[in-house]
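# What the coordinates show
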Amino acid sequence: MTPALAQFAGSLLRASTWRLALRGLGRQPRRSGVVLSAVAIGLGSLLLAMAIQYGLVAQMAEIAIRSEIGDLQVHASAWKDSAPLAERIAEARSLAALAREQTLIGVAPRLRGEALAQSPRASVGVRVLGVDPVREPRVTSLASLVREGAWLAAPPRRALVSRVLVGGGLARRLRSTVGDKIVLAVQDAHGDLTSEAVRVGGVLEAPTRELDESVVVMSLADAQRLYGVPGEISELALAARERSALEAPRAAALAALGSGVRVETWREREPMLSTMIEVFDQMGWIIYAAIFVGMAFGIANVLLMSVLERTREIGVLLAIGMPPARMVAIVIAESTVLVMVGVALGFALGFGGIYALRDGIDLGSWGDGLRAYGIPTKLMPIARSGDVTAPLIVAGVTALIASLWPALRAVRTRPAEALRRA
Amino acid sequence: MATLQAEKVSKRYAVRGIETWALQGVTLAIEPGEFIALAGPSGSGKTTLLNLFGALDAPTSGAVSLDGQDLALLSRSQLAALRLAKLGFVFQAFNLIPVLSARENVEFVMELQGSPAAERRERALAVLGEVGLAELADKRPLEMSGGQQQRVAIARAIASSPRVVLADEPTANLDSVTAGKLIDLMERLNRERGVTFLFSTHDPRVIERARRVVRLRDGSVVADERDVPAS
């Protein structure tokens, strides 16, 4: 460390440097107040806006995961979304293999297929989702979405006529309600056309348009019988103990199930949503940096005005022997006080706003439109740890950059010239 | 060896393309313990010479040395360190730091020198007591009269135990009674502490109190009157 740098670092640690900085700022309280307000209001608004936006994306991901996807999914290696029945895995063996996996808190076997749903009044092409009535609620919130009727009965309490659940949108399209019979016409796994009359046992309040208008949920056993694949499933939906660390359960599932399957995280199943979250994380830094770069000009302007107004005083300080490094430290301290007090007030405003909106922002009046895109109708602002660290780091850099020019201006003051000024 | 030495020093200023010689070939030696006045009308070069002796400015030609050290050979930081260690300043317009109290103003120089907090606080109060301002230690400059501010400035100048105190027109903004008291104070500090005082003035009542008077006119020394008896 050079002597000047050591002197500068030592100066920053001196209480008198900060005392001079604070009192210097106090000389023009209105001007300092305007800068503080700009930093505080700017950061506070930004924090709130970021929390709302992140809340939106995070809730969209939560909806996708909790309504259908799960944290991880297991399929046969060659399985495709477009032909869900073509590649299957053995139900009992898969469940047994994962039964003791500690990184998982739920394993839900499913059978996926396609069907034509017919009521006496309409016909609609649908996706069939066969689920285990007991295991499914440990992975997704499908069971809690039942608005009318009841969740699927667990075996052996099956009715003679299979019961199915449909979204409110599909019920409207079929013009059917709870208790009505509909017919599901399918091509089974062997290529044969077959159909079965089922009864609408419940209507779901689905959070996405897909689930609302195009999906019929039935018990796994009924679906296996309908498609002629007893003991076989299309996929396993898995709930991990920790969603933030999915690599461990993925590896464990792969090891337990052996070759012939692939395990995908929800991010791989919903790449667009995943990308949105990743982009949002990066955008946070960029937005904070952009805002603070703008603020840096304002802060530099205020500090420069302050330095120019005090030319004579700075001349005196340099004349009595203040080292140039100490002068730089005082200007940087002024900048740091301005920015950090502004950031503290901004945190108070921003997090205060987030707390005030902790019960969520009701977007119910746009409910149908929002559901089409899997957007929640009650928006919960979510603050992240990055909302504290990013502004602090960016603000620290801003304080430094904003003070460089004024500090250089101060340190270049020639004492004799400064003292000549009236 | 002279404490301060100017050897054929000239200083030229250029303002809007017009060159002015503020000093021309000045040679002057200041001995330890002197109480010396630079006298002369406005524009005679008094402040310029003080600034050169105070390492606040550099001569256009010639050499200035302090305790035998040629100031031209030192960097900005080294000059600052030298001012801090060996020089005290008193300015015409007092020039105290307005956001610091009298005590803090005096302490500040000692803090720059690295004195421990308790020691510098005690010494600041003692020096303020010496200039008769102990009871105003916690007042800020704007709460004091001109004479009081100038006494704080002197306290600040001597608190760091300098070899030389350079005072530029220290009584110019004071009434005659206050100016007289200030000169009394400077004289006492010179006598009791042995601090060299070099001050510029054009006030005849102040000039007559100096034991050596160097008269300047148009940037040149026109008289150097030694052994002027102290009043």
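Because the structure is predicted, anything quoted here is derived from the model rather than measured.

## A few points about the interface of chain B and chain A
Residue-level contacts link 18 residues of chain B with 19 residues of chain A. Among the elements that make up the side of chain B that touches chain A, the one with the highest residue count is helix 2 (residues 76-86) of chain B (six residues). Within the side of chain B that touches chain A, the residues separate by chemical class into ten nonpolar, four polar and four charged.

## Some details on the packing of helix 5 (residues 146-159) of chain B against helix 6 (residues 176-193) of chain B
Residue and element names in this part refer to chain B. It is at 10 Å that the axes of helix 5 and helix 6 come closest, and there the two elements cross at 15 degrees. As judged from the angle between their axes, helix 5 and helix 6 are roughly parallel. The element helix 5 and its partner helix 6 pack so that their crossing is right-handed. Contact residues: Gly147, Gln150, Arg151, Ile154 and Ile158 in helix 5; Thr178, Leu182, Leu185, Met186, Leu189 and Arg193 in helix 6. Across the contact of helix 5 with helix 6, the residue classes tally to six nonpolar, three polar and two charged.

## A closer look at unusual backbone geometry
The phi torsion at Arg175 of chain A lies on the positive side, around 50 degrees, for a residue other than glycine. Among the structural elements, Arg175 of chain A can be located in the loop between helix 5 (168-174) and strand 7 (181-187). The phi dihedral of Phe94 of chain B is positive, around 70 degrees, even though this residue is not glycine. Structurally, Phe94 of chain B can be placed in the loop between strand 6 (87-90) and helix 3 (102-113). Judged by C-beta crowding, with 23 C-beta atoms within 10 Å, Phe94 of chain B ranks as buried.

## Structural notes on the environment of Ile52 of chain A
All names here are of chain A. Tracing the chain through its elements places Ile52 in helix 3 (residues 29-69). For Ile52, a count of 17 C-beta atoms within 10 Å puts it in the partly exposed group. The spacing of Ile52 and Gly294 is 242 residues in sequence and 23 Å in space, taken between C-alpha atoms.

## Points about the sheet that holds strand 10 (residues 220-225) of chain B
All names here are of chain B. Across the sheet, six strands lie side by side as 6-7-8-3-9-10; this open sheet has mixed pairing. Each having just a single partner strand, strand 6 and strand 10 make up the two edges of the open sheet. Strand-to-strand twist across the sheet, computed as the mean angle between neighbouring axes with direction ignored, equals 20 degrees.

## Section: the domain arrangement of chain A
We note that the domain assignment places domain 1 (3-64 + 273-420) and domain 2 (78-258) within chain A. Centre-to-centre, using C-alpha coordinates, domain 1 of chain A lies 51 Å away from domain 2 of chain A.

## Focus: the environment of Asp180 of chain A
All names here are of chain A. With respect to the helices and strands, the residue Asp180 is situated in the loop between helix 5 and strand 7. Judged by local crowding, Asp180 falls into the partly exposed class, with 16 C-beta atoms found within 10 Å. For the pair Asp180 and Val74, spaced 106 residues apart in sequence, the C-alpha to C-alpha distance is 34 Å. Filtering out sequence-adjacent residues up to four positions away, Asp180 remains in contact with Ser119 and Val200.

## Re helix 1 (residues 46-53) of chain B
Residues and elements named next belong to chain B. Within helix 1, eight of the eight residues are buried, leaving the element largely enclosed by the surrounding structure. The set of residues buried in helix 1 consists of Lys46, Thr47, Thr48, Leu49, Leu50, Asn51, Leu52 and Phe53. Residue Ala55 follows helix 1 closely and has a positive phi angle near 60 degrees.

## Section: the nonpolar core
One recurring pattern in soluble globular proteins: nonpolar side chains tend to sit buried together. Ala155 and Leu198 of chain B are the most contacted members of the largest nonpolar core, which has 122 residues in total. The leading source of residues in this core is helix 12 (residues 324-356) of chain A, at twelve residues. Ala155 of chain B has contacts with Val106, Val127, Leu128, Val131 and Leu133 of chain B, leaving out every residue within four places of it along the chain. Ile69, Ile89, Val164 and Ala171 of chain A belong to the second largest nonpolar core, which has 64 residues in total.

Definitions and cut-offs
- Residues numbered from 1 in each chain as written.
- Chains lettered and ligands numbered in written order.
- Predicted model: local features only at pLDDT ≥ 70, side-chain atom pairs only at ≥ 80, totals over all residues.
- Contact = placed C-beta atoms within 7 Å.
- Helix = DSSP H or I, 4+ residues; strand = E, 2+ residues; numbered from the N terminus.
- Nonpolar A, V, L, I, M, F, W, Y, C, P; charged D, E, K, R; others polar.
- Axes fitted to C-alpha atoms, helices over the stretch in contact; angles between N-to-C directions.
- Parallel < 35°, antiparallel > 145°, perpendicular 65-115°, else oblique.
- Left-handed = near helix turned anticlockwise from the far one by under 90°.
- Buried ≥ 20, exposed ≤ 12 C-beta atoms within 10 Å, placed from the backbone.
- Pairing = 2+ DSSP bridges.
- Domains from an automatic or database assignment.
- Core = buried A, V, L, I, M, F, W, Y, C linked by C-beta atoms within 7 Å.

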